[in-house]
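# Analysis of the macromolecular model
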Amino acid sequence: MNITTFEEYQTAYAQSVSDPEGFWAEVAQQFVWKKPWKKVLEWNFTEPSVKWFVGGKMNITENALDRHLADKADHPAIIWEPNEPDDQPVTITYSMLHTRVCRFANVLKKYGVKKGDRVCIYLPMVPELAIAVLACARIGAVHSVVFGGFSAQSIADRINDAGCTMVITSDGAYRGAKVIPMKSTVDDALEKCSTVKNVIVMTRTRTPISMLKGRDHWWEEEVKHVDAICPAEEMDAEDTLFILYTSGSTGKPKGVVHTCGGYMVYAAYTFSNVFQYQPGEIHFCTADIGWITGHSYIVYGPLCEGATSLMFEGVPTYPDAGRFWEIVEKHKVNILYTAPTAIRSLMSFGLQYVKDHDLSSLTKLGSVGEPINEEAWQWMKHNIGKNNCPLIDTWWQTETGGIMITPIAGVTPEKPTYATLPLPGIQPLLVDEHGNEIEGNGVSGNLCIKFPWPGMIRTTYGDHERCKQTYFSTYPGLYFTGDGCLRDEDGYYRITGRVDDVINVSGHRIGTAEVENAINMHLGVVESAVVGYPHDIKGQGIYAYVITEHKPDDPEMFRKDIAVTVTRVIGPIARPDKIQFVSGLPKTRSGKIMRRILRKVAEGETSSLGDTSTLLDPTIVDEIKDGAL
Ligand code: WTA
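Reading guide: rules and limits
- Residues numbered from 1 in each chain as written.
- Predicted model: local features only at pLDDT ≥ 70, side-chain atom pairs only at ≥ 80, totals over all residues.
- Heavy atoms only, no water.
- Buried < 20%, exposed > 50% of the residue type's maximum accessible area, 1.4 Å probe, protein only.
- Helix = DSSP H or I, 4+ residues; strand = E, 2+ residues; numbered from the N terminus.
- Pairing = 2+ DSSP bridges.
- Near = heavy atom within 4 Å.
- Polar contact = N/O pair within 3.5 Å; in protein donor to acceptor, adjacent residues only side chain to side chain.
- Areas by Shrake-Rupley, 256 points an atom, 1.4 Å probe, with all protein chains shown as cover.
- Nonpolar A, V, L, I, M, F, W, Y, C, P; charged D, E, K, R; others polar.
- Contact = heavy atoms within 4.5 Å.
- Phe/Tyr/Trp six-rings, centres within 6.5 Å; stacked < 30°, edge-to-face > 60°.
- Lys NZ or Arg CZ within 6 Å of the ring centre and 35° of its normal.
- Salt bridge = Lys/Arg side-chain N within 4 Å of Asp/Glu carboxyl O.
- Axes fitted to C-alpha atoms, helices over the stretch in contact; angles between N-to-C directions.
- 1 Å grid on protein atoms, 1.4 Å probe; cavity = no way out; pocket = protein on both sides within 12 Å on 5 of 7 lines; lining within 4 Å.
- Points joined across faces, edges and corners; volume = space filled by probe spheres on them.
- UniProt positions renumbered as here; feature names shortened; annotations may be inferred.
- Core = buried A, V, L, I, M, F, W, Y, C linked by side-chain atoms within 4.5 Å.
- Domains from an automatic or database assignment.
- Buried area = accessible area lost by both parts, 1.4 Å probe.

## Some thoughts on the pairing of strand β26 (residues 502-505)
Because side chains alternate across β26, one face comprises the buried residues Val-502 and Asn-504, and the other comprises Ile-503 and Val-505, equally buried. Sheet analysis places β26 next to strand β27 (residues 508-511), joined by 4 bridges and oriented antiparallel. Counted as the bridge partner of Asn-504 is Arg-509 from β27. A loop of 2 residues connects β26 with β27, the two strands running antiparallel in sequence, and Ser-506 in this loop sits at a positive phi of about 50°.

## Things to note about the site of the ligand
Close to the ligand lie 17 residues; Asp-393, Thr-394, Thr-398, Asp-483 and Arg-509 are nearest. Between Asp-393 and the ligand, the recorded distance is 2.7 Å, taken from a side-chain N or O atom to a nitrogen atom. Contacts to the ligand include Arg-509, whose side-chain N or O atom sits 2.7 Å from an oxygen atom. In isolation the ligand has 530 Å² of accessible area, and contact with the protein removes 96% of it. Of all the elements in the fold, those that place two or more residues in the shell around the ligand are α11 (292-304), β20 (391-394) and β25 (493-498). Residues that form the shell around the ligand fall into these classes: 6 nonpolar, 6 polar and 5 charged.

## Some remarks on the side chain of Thr-185
Mapped onto the secondary structure, Thr-185 falls in helix α8 (residues 183-190). Here Thr-185 falls in the buried class, since its relative accessible area comes to 14%. Reaching out from Thr-185, the side chain makes a polar contact with the backbone oxygen of Pro-181 at a distance of 3.3 Å. The contacts of Thr-185, once residues within four sequence positions are left out, are Tyr-122, Phe-150, Ser-151, Ala-152 and Ile-155.

## Examining the packing of aromatic side chains
Here the structure, examined in full by the defined rule, presents 40 aromatic pairs. When the centroid spacing of 5.9 Å and the interplanar angle of 65° are considered together, the rings of Phe-150 and Trp-291 count as edge-to-face. On the criterion of sequence distance, the pair formed by Phe-150 in the loop between β7 (142-145) and α7 (152-162) and Trp-291 in the loop between β16 (282-285) and α11 is long-range, its members being 141 residues apart. One exposure class covers both Phe-150 and Trp-291, and it is buried. Arranged with centres 6.2 Å apart and planes meeting at 90°, the rings of Phe-349 and Tyr-353 form a pair that is edge-to-face. Residue placement shows Arg-158 over the ring face of Phe-150; its charged tip is 4.3 Å from the ring centre. Here Arg-494 stacks its cationic end above the ring of Tyr-418, 5.7 Å away from the centre of that ring.

## Some words on the pairing of strand β1 (residues 39-44)
Summarising the sheet, β1 and strand β2 (residues 49-54) pair through 5 bridges and their orientation is antiparallel. Bridged to Asn-44 within β2 is Ser-49. In textbook terms, the turn of a hairpin is the stretch between consecutive antiparallel strands, and for β1 and β2 this stretch comprises 4 residues.

## Things to note about the pattern of salt bridges
Inspection of the entire model under this criterion finds 36 salt bridges. For the salt bridge of Arg-215 with Asp-216, the shortest nitrogen-to-oxygen distance reads 2.7 Å. Comparing Arg-215 with Asp-216, the two get one shared label, buried. Across the salt bridge formed by Glu-516 and Arg-595, the nearest N and O atoms sit 2.9 Å from each other. Of this pair, Glu-516 sits in helix α17 (residues 512-520) while Arg-595 sits in helix α19 (residues 595-603), placing them 79 residues apart in sequence. Comparing Glu-516 with Arg-595, the two get one shared label, buried. Residues joined in a network through salt bridges with shared partners are Glu-81, Arg-323, Glu-326 and Lys-330.

## Examining the sheet that holds β16
With mixed pairing, 7 strands are arranged side by side in an open sheet as β5-β4-β17-β16-β18-β19-β20. The sheet terminates laterally at β5 (90-93) and β20, the two strands that pair on one side only. On average, each strand axis in the sheet is inclined to that of its neighbour by 20°, with strand direction left out of account. Strand direction decides the pairing type here: strand β19 (residues 364-368) and β20, joined by 4 bridges, are parallel. Counted as the bridge partner of Leu-365 is Leu-391 from β20.

## Quick word on empty space enclosed by the protein
A full pass over the atoms with the stated rule returns 4 cavities of 30 Å³ or more. In this structure, the largest cavity encloses a volume near 110 Å³. Together, Leu-123, Pro-124, Met-125, Phe-147, Gly-148, Ala-173, Tyr-174, Arg-175, Ile-180, Met-182, Asp-288 and Glu-313 line the largest cavity. For the lining of the largest cavity, the leading source of residues is strand β9 (residues 172-175), giving 3 residues. Its residues assigned to classes, the lining of the largest cavity comprises 8 nonpolar, 1 polar and 3 charged. As a volume, the second largest cavity reaches approximately 40 Å³. Looking at the second largest cavity, the residues that line it are Val-145, Val-146, Phe-147, Phe-150, Arg-158, Leu-244, Tyr-245, Gly-290 and Trp-291. For the lining of the second largest cavity, the class distribution of residues is 7 nonpolar, 1 polar and 1 charged.

## Here we look at the UniProt feature "domain: Acetyl-coenzyme A synthetase N-terminal" (unreviewed entry) in the chain
As recorded in UniProt, the sites labelled "domain: Acetyl-coenzyme A synthetase N-terminal" (unreviewed entry) are residues 9-64. A helix fraction of 43% and a strand fraction of 25% characterise residues 9-64, whose end C-alpha atoms lie 26 Å from each other.

## Comments concerning the UniProt feature "domain: AMP-dependent synthetase/ligase" (unreviewed entry) in the chain
Following the UniProt record, the feature "domain: AMP-dependent synthetase/ligase" (unreviewed entry) maps to residues 66-452 here. Taken end to end, residues 66-452 is 31% helix and 23% strand, and its first and last C-alpha atoms sit 29 Å apart.

## Some words on the environment of Ser-16
As for its position among the elements, Ser-16 is in helix α1 (residues 6-18). By relative accessible area, which is 1% here, Ser-16 ends up buried. Along the sequence, Ser-16 and Arg-575 sit 559 residues apart, while their C-alpha atoms lie 43 Å from each other. Once you skip the residues sitting within four places of it in the chain, Ser-16 turns out to touch Phe-23, Pro-424, Gly-425 and Gln-427. Polar contacts involving the side chain of Ser-16 include one to the main-chain amide nitrogen of Gly-425, which spans 2.7 Å.

## Quick word on the nonpolar core
Generally speaking, nonpolar side chains in soluble globular proteins are found buried as a group. With 124 residues, the main nonpolar core has Trp-33, Phe-53, Leu-97, Phe-104, Ile-121, Ile-168 and Tyr-300 as its most contacted residues. When near neighbours in sequence (up to four residues on either side) are disregarded, Trp-33 contacts Ala-28, Phe-53, Gly-56, Lys-57, Met-58, Ala-237, Gly-261, Met-264 and Val-265. Formed by 46 residues, the second largest nonpolar core is a distinct cluster that contains Val-196, Val-201, Val-525 and Ala-544.

## Some thoughts on the domain arrangement of the chain
We note that the domain assignment places domain 1 (6-315 + 394-445) and domain 2 (502-626) within the chain. Placing a centre on the C-alpha atoms of domain 1 and another on those of domain 2 gives a separation of 34 Å. When the two sides are added together, the surface that domain 1 and domain 2 hide from each other amounts to roughly 1,100 Å², 49% of it contributed by carbon and sulfur. By the criterion of area lost to domain 2, the three top residues of domain 1 are Ser-151, Ser-247 and Trp-291, representing 35% of everything that side buries. At the junction of domain 1 with domain 2, the criterion picks out 1 salt bridge. For the pair domain 1 and domain 2, the number of links is 9 residue pairs in polar contact (both at pLDDT 80 or more). Along the lines of polarity and charge, the residues of the side of domain 1 that touches domain 2 split into 4 nonpolar, 12 polar and 1 charged.

Printed below as a string of structure tokens:
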């Protein structure tokens with residue numbers, strides 16, 4: 001099933017459209033199933049209801065671990081590069097990983113975690129994070145990983161939404177020059193949560209922390225007292241594997257639900273094909289496991305394929321902007337999968353951090369998370385890939401489970417800044433605002449998908465209606481991505497960015513409504529409106545228009561105070577870059593904020609504001625223009 005030439009891609013694509021069930025059945029057969037499926041696919045996009053490999057029984061960890069023990073027991077599964085470059089990296093072989101996962105799974109069981117129970121994981125990028133994820137999967141518990149940059153409030157919201165009974169965390173985290181508290185943040189969160197019965201704490205920084213008798217337990221102590229054997233729970237293909245929270249245009253983040261069978265098949269299939277993974281290659285995905293990219297391309301995809309996955313604890317600029325290149329040289333990394341924001345940031349430090357490192361081990365480069373601009377694409381291609389490595393721009397989403405539109409490395413002819421063509425099994429289409437399909441090439445529209453694929457979202461946790469409303473109602477019968485897209489004369493796709501009220505800051509998805517809610521909680525704030533604006537490094541920055549009760553005496557201090565509130569409510573990733581105080585917002589007579597105008601002003605394009613005559617108070621636009629930051 002592995003594609004190695006463009007002709008094979010075309011053949012596979014054609015088959016995947018004419019006979020999707022046959023196509024995916026053939027892919028799925030390469031995995032270990034405890035019981036075969038009865039039907040490949042049942043679906044409708046109205047409810048929506050999507051079931052893949054119906055009746056099939058399996059456990060993803062048997063595919064990610066056990067099946068490699070025969071021939072790859074001593075093969076490195078995870079290479080861990082710590083925050084400090086002088087600290088010893090750790091190599092974990094498949095057999096070691098298997099044992100550690102089984103032991104930790106037994107710890108979970110000891111504390112009463114059963115199949116279907118939800119477990120919140122709030123850990124830094126240490127091997128224990130991957131182990132905790134796999135241990136949940138081993139016993140059929142549903143993991144909900146929360147990125148280490150989220151606040152106590154965000155953790156509490158996620159724990160409560162999913163009804164988690166256990167939290168797995170660490171004392172602290174190292175991130176570059178900083179030591180970040182983890183356990184004390186969890187303690188703050190747990191004051192608002194009643195479902196959590198136990199907390200397992202892994203030692204990383206040995207920062208002093210409170211350990212509550214009867215609730216909190218040390219990881220290192222616990223794993224000593226359990227068995228190293230833990231049979232894998234038999235899971236239905238459609239049992240939930242994990243929940244991952246992501247931001248949308250309205251309300252609080254929603255829990256995207258992925259299931260065991262389809263997700264496994266899709267993560268592994270896309271990993272091996274898109275990156276053209278060759279046995280023995282070292283794959284370095286720089287994402288955090290707290291995001292979908294880490295779930296699919298640090299943990300599940302690579303491990304299901306028996307690959308070696310490199311996990312990095314730190315940040316690209318510590319101790320200096322050469323850190324990625326040092327890691328590539330030190331570990332002879334072959335595949336580097338990173339984000340445009342990281343590339344742009346490293347670019348800005350200049351080539352001196354690149355030139356002293358031997359990057360000749362690299363065979364493939366990948367980008368994900370946001371549209372990649374031409375300059376960053378070219379810089380990566382020339383200076384990192386030495387014009388010798390395919391550079392693939394991979395488009396996908398938390399909801400899609402795996403990569404959707406992308407060049408296949410070295411197989412699909414590249415075009416800078418284009419995600420190029422859909423993978424086999426993926427049927428994209430562009431629609432206009434009325435939902436009519438826009439056919440032909442050289443067109444642009446809203447990106448939808450018309451047929452299910454195994455890795456797709458099944459529901460939003462605890463609120464199926466929200467899943468239906470968000471993804472399947474805008475254009476009935478279609479999955480709507482929320483992205484705008486153009487299809488050029490060659491039929492190549494280029495994703496142009498979100499068309500909803502979601503902004504993409506350094507590759508992190510943030511809902512403007514969420515940031516507004518946080519700002520509005522600040523004392524003295526009456527109302528706010530948040531939009532994105534182009535930012536050289538982050539892709540998009542956060543621009544907030546804020547109405548206050550009284551004119552601030554010290555606007556600078558007020559801005560800082562608001563930033564602290566946002567950090568408390570959501571986390572530092574949602575801190576506004578710019579805050580403009582205004583006396584009103586451009587609202588229509590029906591009370592709707594005309595965000596188009598706010599976006600234009602934030603972008604600095606004040607000369608082309610369009611029609612403002614329908615505004616309740618058109619004069620407010622002048623004030624906003626004059627005060628633009
Ligand atoms: C954006 C990350 C352009 C897009 C895997 C999408 C991209 C959102 C690309 C999903 C790309 C991701 N080119 N835009 N190659 N990859 N995006 O859920 O707007 O964190 O809808 O998943 O990121 O972000 P998420």
